[in-house]
Amino acid sequence: MEFETVIGLEIHAQMKTRSKIFCGCTTEFGAPPNTHTCPVCLGMPGALPVLNRRVVEFAIKVGLSTNSRINRVNQFARKNYFYPDLPKGYQTSQFDRPIIENGFIDIEVDGGLKRIGITRIHMEEDAGKLIHDEREPVSYVDLNRTGTPLLEIVSEPDMRSPQEAYSYLKKIHAILRYLDVCDGNMQEGSFRCDANISLRPFGQKEFGTRTELKNMNSFRNVQAALEYEVRRQRDLLLEGEPVIQQTMLWNPDTGRTEPMRGKEDAHDYRYFPCPDLIPVEIDEAWIDALRASLPELPDQRRQRFIDAFGLPEYDAVILTESKELADYFEAAVAVYDQPKKVSNWMMTELLRELKGGEIGDCRVQPLQLASLLKMIEAGTISGKIAKSVFIDMLDSGKDPEWIVKDKNLLQVSDESELLALVKEIIAANPGQVDEYRGGKTKVMGFFIGQLMQKTRGKANPKLANELFNKELWG
Amino acid sequence: MEPYELTITEAVALMADRKLSSTELTKSCLDRIEQTEAVMKSFISLQPDRALRAAADADKKRAAGAGGSLLGVPLSLKDLLCTRGIPTTCGSRILENFIPPYDATVVERLSAEGAVIVGKAAMDEFAMGSTSETCAFKVPSNPWATDCVAGGSSGGSAASVASGQVLGSLGSDTGGSIRQPASLCGIVGMKPTYGRVSRYGLVAFASSLDQIGPLTRDVTDAAVMMQAICGYDERDSTSVDRPVEDYHLFLSEGVNGVRIGVPREYFGPGLDPEVRRTVMNGVEVLKSAGAQVVDVSIPHIEYCVAVYYLIAPAEASSNLARYDGVAYGFRDKNAADLLDMYKETRSQGFGPEVKRRILIGTYALSSGYYDAYYKKASQVRTLILNDFKKAWEQCDVLISPVTPTPAWKKGEKLDDPLAMYLSDIFTLSTNLAGLPGLSVPGGFSTGGLPIGIQLQAPHFHEGELLRCGYNLEMGVNLERLLPPLMNAV
Ligand SMILES: [Zn+2]
């Protein structure tokens, strides 16, 4: 039996506001525990929340960028549960009246587009952190993060493969980064993702039993965890075993999903409208102003890369997936007007060497990459040498001109210098000369190799070919 | 006449004329407290040294020409108003050692007017109760009959003002907690419109109902204190940005042509005949002063108790979740693990009435019951508000009893929560509808216990309320009858 995979994602994105959602405390990371706190975010008696207007603006921008409905009146609700990192005993969130509903984004699937529905996006506050001291039987509470604004973005169960889920996640990430409303750092947790996944026989309408996946702190982990879970659920179903509805944690070390330890009790969060916050009212003028302030978004930029730079769709999708990558590309093209060549280099050498890291951490600046590509075009260095120069640039951050000069890597294009070497090689290898003249043209590779050895790879390959041809036949 | 017997207005006038200093006045109050507190039990904590320093400071300021509507006036605060550096217990063991690092907005405002805070007044635990008997530390007495309750939940506030310990107090009113003890103790109590006074620093019981207001010896003093505490506060999202009227101006206006509505549902069979007689006397007083009397109806009033005892506990169950022993307040140090710590901390820290309401509220919000209880109650709340809106088409102010009976004996209803809840029947609707309400002394029972008259008005019509209250006070013309305790001790 063949099964269809059904995936929905829940994303929690920390908003990049300067202050917290309900108080004036800073949202900065890295301070000593409990120093970025005040009576409001500590949940002290009598303290009251005041909504940070910027959070509403960020939410509206995300709503406008995901073809969603902005609810002109929306309301905060309390989600009640006990945990030491939650000082009020409830999380101020939104429930039946979220700020954003009914949106969608399009993702690229096998050369086509697929529409993924967004059920809702709502504003809420983050919780604090527990710090466990391994040497003592106690835990400490750090409330610096408490009250950091979050957007929760809930998709429809519209994704049919881990690859689609990956593309959707990347796209949402790109939108948030383009809007500059979220850091988008999965490792640090400013962009987090949980997944609901189930399988059903093809053709069946009802969903199968789902599991919830957590603890996936990179894009690749999300895809890997979902792929593992598809296999696990399929194996169970084929064996006639039931899938148990439960929360699974992805273990990146074992590459498996494991049931979350502890009792899985169905929480009753007793949501009710938060009486300390009046309903949020949004007027048309506010929305219009925010719409006018929207930057170019990933879809628009991808189209522009295709139209204005003549890039293939595949390149355009990859390059615009990250705002920083797209900015990098445009900066390089601005000084070296060969978009396809820049794209090729970025898609192969650059992305491979980044190994999934951030372009922002790359030591090679766009102008330096452009210089390198110009040197290839001018014949100053060969493409092959350029690749090793590029590695050097990544390590040292130095300009390509400096590296080429320092390591004496200038391409040898001097005809007389090369000709002398060519003659030497021909003279030293009569056997191969005979073979070549006898019609074994593949032997040319041997001659070029000899020449490259003598010049340590710096011989201009085009010129070398010409010289051998002339000498062997001439 | 001793200084502690003065009204705020009288005291301020004497101090302005340099005939009395704040130090003398404050000492007089502190002496009075020393003489009476063993019987009255109005205060959970007293700050006499701090008060005397504030009084000396006030005297210096006045000498330097500075003003302030409450400059040098000794007041008490219900012990759920946060005071920086002074314990704020909410009458609960769970907050017994809690010292807020901040002042409530109203405390800041009183300080800005030069008030002298003498102590923190006893109250029902987390304001849950009608007699102050659920207080974990002290049960205040009614100064008119010390074996009777002072009412609640702002019972300590009312008792301290009525017994001459302070000249005025701030309480909070969630379902009658200012007006009812004021009525039982024979003083004036006012609950402002929801949003008129900032709740920042008021330890929440039921956030959509709570409102801070004054307890004073007459209506003029209520106007003075209202003027000091009302106004928008950006720290409270539910406070309303709307100018505050000059309340004093309303007092001198008569009630000629004012339409006084008598809601017939408030005068049903359960009403004590003496209470009825007192309120009807009040109606006559206003009528003879030129007011027009109109018969009106608030048909949904019968649902008030049910609606209130779903909404208030629901909000409370969430508001009180923060008392978990983690960051502040009481914690059971012997707890074995996290769950045990939660359970033991809350079991030992809260009293039975608070636990009862947390359970009711948790139940009302639970999945499967939410629609039938919390949601339905919210819908009926809207119907009650609509009843009042309709009434305001016919009248300007509503007149009614505050409580069905005068004060009762301590312990009498403590074991009968339902009887206790029903005693709030006339005051709850004011909070459910967010209206301003005022309790003014109307007379005495044959047993010598005070009986108050309640006035209610449309949202933000505090001025109208004070005007009618003042005229009622003048017309009823009770000699300033001091409680027997005042002279006896
Ligand atoms: Zn804060």
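Please read these numbers as outputs of a predicted model, since none were measured by experiment.

J.: Looking at this structure, how should I read the overall build of chain B?
T.: Helix and strand counts for chain B stand at 17 helices and 13 strands. The dimensions of chain B, computed from C-alpha atoms along their principal axes, are 65 × 55 × 45 Å.

J.: Where do I start with the overall build of chain A in this structure?
T.: Of regular secondary structure, chain A possesses 15 helices and 16 strands. The C-alpha atoms of chain A give a radius of gyration of 29 Å, which is well past the 23 Å a tight globule of 474 residues would have. Taken along its principal axes, the extent of the C-alpha atoms in chain A is 95 × 55 × 55 Å. Sorting the 474 residues of chain A into buried and exposed places 40% on the buried side. Taking as baseline every contact in chain A between residues at least 6 positions apart, the subset at least 24 positions apart corresponds to 70%.

J.: What am I meant to see in the sheet that holds strand 5 (residues 90-94) of chain A here?
T.: Two modes of strand pairing occur in sheets, parallel and antiparallel, and in both the strands are linked by backbone hydrogen bonds. Residue and element names in this part refer to chain A. In spatial order, the strands read 5-4-15; together these 3 strands make up an open sheet with antiparallel pairing. Sheet topology places strand 5 and strand 15 (272-273) at the edges, where each strand pairs with a single neighbour. Bridging between strand 4 (residues 76-80) and strand 15 involves 2 bridges; their strand directions are antiparallel. The residue bridging Ala-77 from the neighbouring strand is Pro-273, located in strand 15.

J.: Where do I start with the interface of chain A and chain B in this structure?
T.: Frequently, the measure chosen for interface size is the accessible area removed from exposure when the parts meet. Tallying the contact residues gives 26 residues for chain A and 36 residues for chain B. Within the side of chain A that touches chain B, the residues separate by chemical class into 17 nonpolar, 4 polar and 5 charged.

J.: What exactly am I supposed to notice about the packing of helix 9 (residues 366-377) of chain A against helix 10 (residues 383-396) of chain A here?
T.: Helix-helix packing is characterised by the crossing angle of the two axes and by the distance between the axes. All names here are of chain A. Where helix 9 contacts helix 10, the two axes come as close as 10 Å, and the packing angle between them is 160°. Between helix 9 and helix 10, the crossing angle belongs to the class labelled roughly antiparallel. The two elements helix 9 and helix 10 meet at a crossing, and its hand is right-handed. Residues Gln-368, Leu-372, Met-375 and Ile-376 of helix 9 form the contact with helix 10, whose own contacting residues are Gly-383, Ala-386, Val-389, Phe-390 and Met-393. Along the lines of polarity and charge, the residues of the contact of helix 9 with helix 10 split into 7 nonpolar, 2 polar and no charged.

J.: Please clarify how the packing of helix 1 (residues 53-64) of chain A against helix 4 (residues 284-292) of chain A should be interpreted in this entry.
T.: Residue and element names in this part refer to chain A. Closest axis-to-axis distance for the helix 1/helix 4 pair is 10 Å, and the angle between their directions is 65°. Comparing their axes, helix 4 and helix 1 come out roughly perpendicular. Two packed elements cross with a definite hand, and for helix 1 against helix 4 that hand is right-handed. Counted together, Glu-57, Ile-60, Lys-61 and Leu-64 of helix 1 and Ile-287, Leu-290 and Arg-291 of helix 4 form the full contact between these two elements. Residue composition of the contact of helix 1 with helix 4, grouped by class: 4 nonpolar, no polar and 3 charged.

J.: What's the story with the domain arrangement of chain A in this structure? I'm lost.
T.: Residue and element names in this part refer to chain A. You can read the domains of chain A as domain 1 (3-286), domain 2 (296-406) and domain 3 (415-473). Put simply, the middle of domain 1 and the middle of domain 2, counted by C-alpha atoms, are 34 Å apart. Residue-level contacts link 10 residues of domain 1 with 8 residues of domain 2. Residue contributions to the side of domain 1 that touches domain 2 peak at 6 residues, all from helix 2 (residues 162-179). Considering only residue class, the side of domain 1 that touches domain 2 consists of 3 nonpolar, 1 polar and 6 charged.

J.: Got a minute to help me understand the domain arrangement of chain B in this structure?
T.: Residue and element names in this part refer to chain B. As far as domains go, chain B holds domain 1 (3-255 + 428-488) and domain 2 (302-370). Taken over C-alpha atoms, the centre of domain 1 sits 28 Å from the centre of domain 2. Facing 23 residues of domain 1, the contacting portion of domain 2 comprises 20 residues. Here the residues of the side of domain 1 that touches domain 2 sort into 12 nonpolar, 8 polar and 3 charged.

J.: How should I be thinking about the sheet that holds strand 11 (residues 191-201) of chain A in this particular structure?
T.: All names here are of chain A. An order of 2-6-7-10-1-11-12-13-14 is seen for the 9 strands of this open sheet, with the pairing classed as mixed. The two strands at the open ends of the sheet, each matched to only one other strand, are strand 2 (69-70) and strand 14 (256-259). Strand direction decides the pairing type here: strand 1 (residues 3-14) and strand 11, joined by 11 bridges, are antiparallel. Note that in strand 11 the partner of Phe-3 across the bridge is Pro-201. Seen against the sheet, helix 3 (residues 219-238) touches strand 1, strand 11, strand 12 (211-214), strand 13 (247-251) and strand 14 and runs at an angle of roughly 25° to strand 11.

J.: Is there a simple way to think about unusual backbone geometry in this case?
T.: A cis geometry characterises the amide bond from Gly-152 of chain B onward to Ser-153 of chain B, with omega recorded as 10°. Along the chain, the position of Ser-153 of chain B falls in the loop between strand 5 (145-149) and helix 5 (155-162). The backbone of Arg-270 of chain A sits at a positive phi, close to 45°, despite the residue not being glycine. Mapped onto the fold, Arg-270 of chain A is located in the loop between strand 14 and strand 15. The class for Arg-270 of chain A is buried, based on 25 C-beta atoms found within 10 Å. The backbone of Arg-456 of chain A shows a phi angle near 50°, a positive value even though the residue is not glycine. Mapped onto the elements of the fold, Arg-456 of chain A is located in the loop between helix 14 (444-455) and helix 15 (461-473). On the basis of neighbour counts, which here come to 12 C-beta atoms within 10 Å, the residue Arg-456 of chain A falls in the exposed class.

J.: Whenever I open this one, the environment of Ser-207 of chain B confuses me. Can you help?
T.: Tracing the chain through its elements places Ser-207 of chain B in the loop between strand 7 (188-191) and strand 8 (211-216). Residue Ser-207 of chain B is classed as buried on the basis of its C-beta count, with 20 C-beta atoms lying within 10 Å. Separated by 104 residues in the primary sequence, Ser-207 of chain B and Ile-311 of chain B have C-alpha atoms spaced 9.9 Å apart. Setting aside anything within four residues of it in sequence, one finds Ser-207 of chain B in contact with Pro-275 and Asp-276 of chain A together with Glu-315 and Asn-319 of chain B.

J.: Is there a simple way to explain the nonpolar core in this structure?
T.: The tendency in soluble globular proteins is for nonpolar side chains to be buried as a group. One finds Ala-59 and Ala-165 of chain A together with Leu-75, Val-116 and Leu-455 of chain B to be the most contacted residues of the largest nonpolar core, which totals 209 residues. Once residues within four sequence positions are removed from consideration, Leu-75 of chain B is found in contact with Leu-110, Ala-115, Val-116, Ile-117, Val-118, Val-166, Leu-167, Gly-168 and Ser-169 of chain B. Judged by nonpolar contacts, the second largest core, of 33 residues, contains Ile-318, Leu-350, Ala-370 and Leu-409 of chain A.

J.: Is there a simple way to think about helix 9 of chain A in this case?
T.: Quick reminder: α-helices carry 3.6 residues per turn. Residues three or four places apart thus point the same way. Residues and elements named next belong to chain A. End to end, helix 9 covers 17 Å across 12 residues, agreeing with the expected 16 Å (1.5 Å per residue, within 8%). Within helix 9, the full set of buried residues consists of Pro-366, Gln-368, Leu-369, Ala-370, Leu-372, Leu-373, Met-375 and Ile-376. Packing partners of the buried residues in helix 9 comprise helix 7 (323-335), helix 8 (339-354), helix 10 and helix 11 (400-406). Trailing helix 9 by a residue or two, Gly-379 shows a phi angle of about 80°, which is positive.

J.: In this structure, what is going on with the pairing of strand 8 (residues 129-132) of chain A? I would like to understand it.
T.: Remember that side chains alternate between the two faces of the sheet whenever the strand is regular. Residues and elements named next belong to chain A. As judged from the 4 bridges shared by strand 8 and strand 9 (residues 139-142), these two strands associate in the antiparallel manner. Within strand 9, the residue paired with Lys-129 across the bridge is Asp-142. Connecting strand 8 to the antiparallel partner strand 9 that follows it, the hairpin turn spans 6 residues.

J.: I keep staring at the pairing of strand 8 of chain B and nothing clicks. Help me out?
T.: Residues and elements named next belong to chain B. Most of strand 8 is tucked away: 6 of the 6 residues are buried. Sheet topology note: the strand 6 (residues 168-173)/strand 8 ladder contains 6 bridges and is antiparallel. Bridge pairing links Gly-171 to Gly-213 in strand 8. In the sheet, strand 7 pairs with strand 8 via 2 bridges, with the strands oriented antiparallel. Note on strand 8: the bridge partner recorded for Gly-189 is Leu-215.

What counts and what doesn't
Residues numbered from 1 in each chain as written. Chains lettered and ligands numbered in written order. Predicted model: local features only at pLDDT ≥ 70, side-chain atom pairs only at ≥ 80, totals over all residues. Helix = DSSP H or I, 4+ residues; strand = E, 2+ residues; numbered from the N terminus. Rg over C-alpha atoms; globule rule 2.2 N^0.38 Å. Buried ≥ 20, exposed ≤ 12 C-beta atoms within 10 Å, placed from the backbone. Contact = placed C-beta atoms within 7 Å. Pairing = 2+ DSSP bridges. Nonpolar A, V, L, I, M, F, W, Y, C, P; charged D, E, K, R; others polar. Axes fitted to C-alpha atoms, helices over the stretch in contact; angles between N-to-C directions. Parallel < 35°, antiparallel > 145°, perpendicular 65-115°, else oblique. Left-handed = near helix turned anticlockwise from the far one by under 90°. Domains from an automatic or database assignment. Core = buried A, V, L, I, M, F, W, Y, C linked by C-beta atoms within 7 Å. Expected span 1.5 Å × (residues − 1).

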